[in-house]
Amino acid sequence: MSTSRSDDSREHALEHALDHLRHVLPAQGPIGTFVHHNTLHAVQHESFHDAIKRVTERTGAEGYLSEDRFRAELATGRIADEDLDAALARRHSQLGARWCAPLDPTKVEKLSLVHGITPASRSARRFALDEDEELRVVFAGAAPRSPRSALLAAIRSLLGHLAPGVDETDRVGVDRTHRDGLRALSGVDPCEQADLWLVRFLAAFLDERVARWPMAHRDRGLLAAATAQLHAARWARGEALENASIVLDRAGRGGARSLISAALDELGVGEAHWESYLERSLGSLGGWAGMVARLEAVPADRSQAAPPVSLLEFVALRLVLDRECVRSAAAHEGHSGPLASMRSFLAARTEREDRTLDGVFRLFELFERGGVGLDSVERAGAEGVRGTLAVLDSFTSIERRQVFQEAYERQHMRMVLSALSDNLRSPADPADASPRFQVAFCIDDREEAIRRHFEELDPRYWTYGVAGFFGIAMDWAGLDDPRAAAQCPVVVTPGHVVREVATASHAHVSRQRRQRRALAARARRAVADATGSLVRGVALTPVIGVVAVWTMLTRVLFPRLSARFSQWLSAKVVPTPRTILSTSRSHPEDAGDKPHGFAEDERVARVRATLEAIGLTRTFAPIVALLGHGASTVNNPHHSAYECGACGGHNGGPNARAFAAMANEPVVRDGLRAQGIDIPDATWFVGGWHDTTTDAVTLFDVDAVPESARAALEELVAALDVARARSAHERCRKFEHAPSALTPEQALAHVEERSVDLSQARPELGHATNAACVVGRRDITRGLFLDRRAFLVSYDPSLDRDDAVLARILGAVVPVGAGINLEYYFSTVDPERFGAGTKLPHNLSGLLGVQEGVSGDLRTGLPRQMTEIHEPVRLLCVVEATPAALLRVAASNPEVSELVVNGWVRLVSLDPETRAMHVFVDGRFERHDPDDISLPVHDRSEQSYVGRMDSLPPAKIAPRRGAPEPQQASR
Amino acid sequence: MNAEQLAWWLGGATVALPFVAVLPLLLLGGLGARPSERATSRTVLVLCGLSSLASMGLAALWLRHDGPLVLRYGSIFDLGPRGHAFATSGHGAVGYRFEVDLLVDRLSATTSVLTGVLSWITARFSVRYLHREPGFFRYFLLLALFVGGMQVLVLAGSYDLLFVGWELAGISSMLLIAFFHLRRGPTRAAIRAMLTYRVTDVGLLVAGVLLHHFAGSSGFFDAFERHAWPDAQTHLAPSSAFVISAAIVFAAIGKSALFPLGTWLPRAMEGPTPSSALFYGGLAVHAGVYLLLRSAPLIEASPAASLMVAVIGAATALWATIAGHTRSDVKSALAYATVTQVGIMVLGVALRLYNVVLVYMVAHACLRTLQLLRAPSALHDAEAIRAALEDSSREDRSLLERLVPRSIVDRVHALALEDFHIDAVVDRVILRPVLGLSSALDRVERRWVAAMTGVDLDAPAATESDSRAPGPVEERP
């Protein structure tokens, strides 16, 4: 009876621990489906700072920039002293009353922030003692000879002796593993062999037919496959792995649970600590463990034939391997007896840090820096001095950096809000009342520049920002896609399929295209296989080698030219048919789960929803264009991360095209008219996409544009050409390899070259430097130079009486924006654990992801090449809505509320009427009065960035139109 | 200036210019200065580019010249008089002179141009690829060192000089594997590579010494009867030829990752992609093949040596192709594919297909360099191919799978995934006995010393070293 109850409780504890692991392991899927998300999504239910603290304690990952970096920012003025004081004041109001003497707690903490009075290493202290005669005298017990040594002597006698602190070894079996303990002791990782073997095994086990010769019997599951693999020639494996193989052989099938509990029992890990112990255990190959968990949870990422995979079995395997390795290593270190007693063995072997000496030194430094004399110290007495040390101790590195982070962000907030307020007071570039064009871009921060450059050309050019799927959630199959894939934010599951099909007259072209693509693909595969095989390789190598020389020379020396040539060639060989989209449902009773195309009322509803969201329900221009966006890069496994996040990591062009097709339909327009949105017949919608890498703009279905709008279309194309060249020019300022003086046309050539250059590790800079998000009417930001750092979302509060539109917008924008922003944040602050390190040694493993070299962990974050210029600040969302409206929306949307209330994004309300600003702090809105500044005013964007490479503060752009256009722009 | 003089200058420039790039960089680096990326890469690109042009010029001169060009640059040191090589062949060689001679013939001219071109393209590639990398400076320094070393290796007129290039290439190769030295994987791989190099390089040294002994000179032109490659020949007795060949083959086994010491190469893919491409796809991995081609007359002179080379080549090709077929990560798969073809080339040497192997080597080096440079595209390529073929999986089984029964196939797969445990076997059969022997000798020596001097050396020091039993190399930090 009691046994079965304890079995139940063990079962329960294990399930609980596994759930926890599924939660905390990296959740990014196979790299081909990369979508930005909050790296710490698992702990999003906690507040930002608490979550970081917890994760840091458990995993050792960094949650903030380093203190050195922050101090450097303090020195350059990027962190203002006033912001540091404000952040400290906030901390003190949260902590409540504290006392210490002779310095008050705020002063102690300020000194600690600025000077970093940290525990010194043992060797550093020894060095200080050896070097400084004065100090040595005091520690030798002699009488002090100078005021300095007198101070030191006083501190020493007042402080008395301190008990030794908690050591890492005390946590072995709790949230440190035996492996950690042994490594700390001997400096050698006892489980290295196990890791190497696991990487090799997992790569082969999880592989989806990339290896020419797949592993056998994978269908029996991970543990069975591992058992068989370890069994083969186990005599050659060395003691630990050989023992592990024997254990696994004995366990037989289905023994994962008993293996886990047996291992944890033997290691002496109590049920209460299973969760934290396993989290730590799996941390050493966290990327692989996360991939196992993810593939188990989302089978859709894999092919049908993929082998079953289970986190439970992986945990069992990991524990068995680790235990045997630890057993061998412990014996080697001289440990005998059960592994459960290892903690005491380690504790006996570990030399404890003496905290007294350390405390004396830190107080000494603190008082010297704070200008505290001997008298004050003696007046404060033992209690005051000990209290001071307690304050100093409790202000840990994490908490110091938390304060720094707040100050760092506060400066950014003040800068943005005062810029917005200045532009509201005196708009730099008001729009003309009768629009010539209305162009809707994605909200993406990378579209900020091209929008601004486009608007600079003419006050009648209006732009909007809307999540780049344009409200059309669909499973999309382009002409060349064998299967449909979701084109919408990952949180949405599309209910419709849309296909791109050739027009009837071009059906034969489509057939030809398919045949020739297949032929080319077969040839490519045959060549790739041949070069990897023995016999065919011998026959083919001399021939292919000659081609390789030519390819290598041209692709490395003349990337743009050779790419153009191969594009030209493939366009010649593989014809492109004219196509249409199946947006309208042709067969209402279509078989399958999902209907093909949308019904009439669905089309009307979708067009209406998006138009309402951006506030475009009247005053239509002759042409309304919608531009999705995508990226073109080569030799880049992280390609998906450069694409449109609102389209699930795909190109948003098809959504824009589908939207335009729907909005141009007479029946849809009739339906909209009936609902009060009257689109004039003279208005035509055009879909297209903007390439964020090359700044190319492609418009779809231009042949269908009616005669009456042709002239306008030509003007639009010309205007977009100017805008995209200038956008490219603005981007080039941040590329060190771009020539120092460029015309916009040369800039375009440069960015085009980057997109096809095999050696280019930074085809574009992605979302790096993203920092803010402005939701509201364009007049708030029109004419503001925001340095491509802001997501811009169109929203018209005057049309939104019941906050329904606001709720919809924030429900999409806040999670997507926060996902992008936080992924960049964490990959920046810890490139090694949250990010993917540097791209240079990356090695694609199967279709799963990149590993470092051939023996490393899978890396699921962003590579350093994407984050190196990023300023890690949480997204500052400024929303044109009253605090009350925002609170109502947050109350109705748990995800938004979680992100905002827990501080994963910063939220500011901008009152639509009064223009008052309220910042959301600690659960409520506080009034914020922006600094009263006047931004610099420039004629053109270019003037605000010329010659600069760093992040720039906002500026106002008030174009002087009518003046002759300067011919040449130079950087 | 006549053609001979021009060739002398061009040969000197080919070899010296990369070192001209190395020296100032090394000096600056030693002083702690870090020149800008632009200055660093310009220096290396310009000087290695000029070296590459010089090698092309040299090759052009050789084409117009009748027979091989021997360029003499004097000697570095001179130990006593030495008669003419032929006069003193046999046991009469009494002196030693390290002569700096370059030999330009079909083999070296071709390989030198290949070296120049491939390394220059890779350097050019690296300028953008390594942009903003903290090790940018170190990378280009090592790259230039490697190019210089390779040119010495390729153009060397004697085994003595070849050994110098061989070592330089080895050092730069090892240091670039460990480029990311803060992580464990790269340093482990680098140590493995270094150990393999160190041990097998002895072969080359021994070969040079023996050749001096038997042929009176380690200069190719002298030792090989002054015939142009590949028709060169030697009059050494088969037994001497076998001993020298064995030493040379031993050296080639390490450098070209041949069976059974080749497992270091697939693990060496830890550095930046372009250096992996140049070293383990392009040049360094072919250095062993080059050495065998260069030593062809010696190998030819001994049927046993030819057989040995053939067996090693075939075993390498077989091992690497089977192991490579189980790999799902792109860089290992390419590494094994490379080793497979290198094995074939070695086999070709044994079969005396010298010209074929030379052409094959050039083509193969270019192909693998390109493939490795494009390694990050693998995902995109696979997806594109699958989309075009409208399938998600492939159903082509390899030849081996179709021929052999399933149960054996599974067993072989399990072994192949772990390189047939070659390392463990080598550790047990060679490494541990050698270490055991050396520690036994050490003990004997200590006892002798103790007996003779009365000082017991064992007391403090021996416990330290004996408590760590000799284990597999990899387990050592």
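The structure presented is a predicted model; accordingly, all values stated were derived computationally and were not measured.

Student: Tell me about the overall build of chain B, and name the residues and values.
Tutor: The helix and strand tally for chain B stands at 20 helices and two strands. Buried positions account for 55% of the 477 residues belonging to chain B. Sequence separation of 24 or more characterises 78% of the internal contacts of chain B that already satisfy a separation of 6 or more.

Student: Outline the domain arrangement of chain A, listing residues and values.
Tutor: Partitioning chain A into structural domains gives domain 1 (75-165 + 356-395), domain 2 (169-349) and domain 3 (504-573). Computed over C-alpha atoms, the centres of domain 1 of chain A and domain 2 of chain A are 45 Å apart.

Student: Account for the interface of chain A and chain B, with residues named and values stated.
Tutor: Listed per partner, the contact involves 79 residues of chain A and 77 residues of chain B. Of all elements in the fold, only helix H10 (192-206), helix H11 (222-231), helix H22 (507-531), helix H23 (535-557), strand S13 (842-845) and strand S14 (849-852) of chain A reach the threshold of two or more residues within the side of chain A that touches chain B. In terms of residue count, H23(A) provides more of the side of chain A that touches chain B than any other element does, 14 residues in total. Partitioning the side of chain A that touches chain B into residue classes produces 38 nonpolar, 27 polar and 14 charged.

Student: Tell me about the domain arrangement of chain B, residues and numbers included.
Tutor: All names here are of chain B. Domain annotation for chain B reports domain 1 (3-373), domain 2 (378-417) and domain 3 (421-475). On a C-alpha basis, the centres of domain 1 and domain 2 stand 35 Å from each other. Contact residues are listed per partner, giving five residues for domain 1 and seven residues for domain 2. Of all the elements, helix H13 (residues 303-325) adds the most residues to the side of domain 1 that touches domain 2, at three residues. When the residues that make up the side of domain 1 that touches domain 2 are grouped by side-chain class, the tally is three nonpolar, two polar and no charged.

Student: Quick rundown of the sheet that holds strand S6 (residues 579-581) of chain A? Include the residues and the values.
Tutor: Residues and elements named next belong to chain A. Pairing in this open sheet of four strands is mixed, and the strands run S4-S3-S5-S6 from one edge to the other. Of all strands in the sheet, those with a lone pairing partner are strand S4 (485-487) and S6, marking the two edges. If you compare each strand with its neighbour and ignore which way they point, the axes differ by 35° on average. By the bridge criterion, three bridges tie strand S5 (residues 497-502) to S6 in an arrangement that is antiparallel. Pairing of Ala502 across the sheet is with Thr579, part of S6. On the sheet, helix H26 (residues 653-664) packs against strand S3 (474-477), S4, S5 and S6 and is oriented at approximately 75° with respect to S6.

Student: Let's hear about helix H21 (residues 448-456) of chain A: which residues, and what values?
Tutor: Taken across its nine residues, H21(A) has nine buried, putting it largely inside the fold. Of all the residues in H21(A), the buried ones are Glu448(A), Ala449(A), Ile450(A), Arg451(A), Arg452(A), His453(A), Phe454(A), Glu455(A) and Glu456(A).

Student: Pulling in residues and values, what's your account of the sheet that holds strand S18 (residues 917-921) of chain A?
Tutor: Residue and element names in this part refer to chain A. Taken in spatial order, the six strands of this open sheet run S12-S10-S16-S17-S18-S19, and their pairing is mixed. Each having just a single partner strand, strand S12 (790-794) and strand S19 (924-928) make up the two edges of the open sheet. Mean inter-strand twist for the sheet, computed between neighbouring axes without regard to direction, equals 20°. Of the strand pairs in this sheet, strand S10 (residues 772-776) and S12 are connected by five bridges, and their pairing is parallel. Residue Cys773 lies in a different strand from S12, and its bridge partner there is Phe791. Along the sheet face, helix H30 (residues 804-829) touches S10, S12 and strand S16 (876-879) and points at about 170° away from the line of S10.

Student: Give me the lowdown on the pairing of strand S1 (residues 437-442) of chain A, citing residues and values where you can.
Tutor: All names here are of chain A. Across the six residues of S1, six count as buried, placing the element largely inside the fold. In the sheet, S1 pairs with strand S2 (residues 461-466) via six bridges, with the strands oriented parallel. Bridge assignment links Phe437 to a residue of S2, and that residue is Tyr461. For the segment spanning S1, H21 and S2, crossover handedness is right-handed. Where S1 meets strand S7 (residues 623-630), five bridges bridge the pair, whose relative direction is parallel. Of the residues in S7, the one forming a bridge with Phe437 is Ile623.

Student: Requested: an account of the environment of Glu456(A), with residues and values cited.
Tutor: Residues and elements named next belong to chain A. The residue Glu456 is located in helix H21 in this model. Note: C-alpha distance between Glu456 and Pro102 (354 residues apart in sequence) is 60 Å. Not counting chain neighbours up to four residues away, the residues in contact with Glu456 comprise Arg940, Ser941, Ile957 and Pro959.

Student: Outline the packing of helix H11 (residues 287-294) of chain B against helix H14 (residues 330-350) of chain B, listing residues and values.
Tutor: All names here are of chain B. Their axes nearest at 10 Å, the elements H11 and H14 cross at an angle of 5°. Our classification of the angle between H11 and H14 gives roughly parallel. For the pair H11 and H14, contact is made by Val289, Leu292 and Leu293 and by Val342, Met345, Val346 and Val349, respectively. When its residues are assigned to classes, the contact of H11 with H14 shows seven nonpolar, no polar and no charged.

Rules used in this analysis
- Residues numbered from 1 in each chain as written.
- Chains lettered and ligands numbered in written order.
- Predicted model: local features only at pLDDT ≥ 70, side-chain atom pairs only at ≥ 80, totals over all residues.
- Helix = DSSP H or I, 4+ residues; strand = E, 2+ residues; numbered from the N terminus.
- Buried ≥ 20, exposed ≤ 12 C-beta atoms within 10 Å, placed from the backbone.
- Contact = placed C-beta atoms within 7 Å.
- Domains from an automatic or database assignment.
- Nonpolar A, V, L, I, M, F, W, Y, C, P; charged D, E, K, R; others polar.
- Pairing = 2+ DSSP bridges.
- Axes fitted to C-alpha atoms, helices over the stretch in contact; angles between N-to-C directions.
- Right-handed = clockwise from strand over helix to strand, strands pointing away.
- Parallel < 35°, antiparallel > 145°, perpendicular 65-115°, else oblique.

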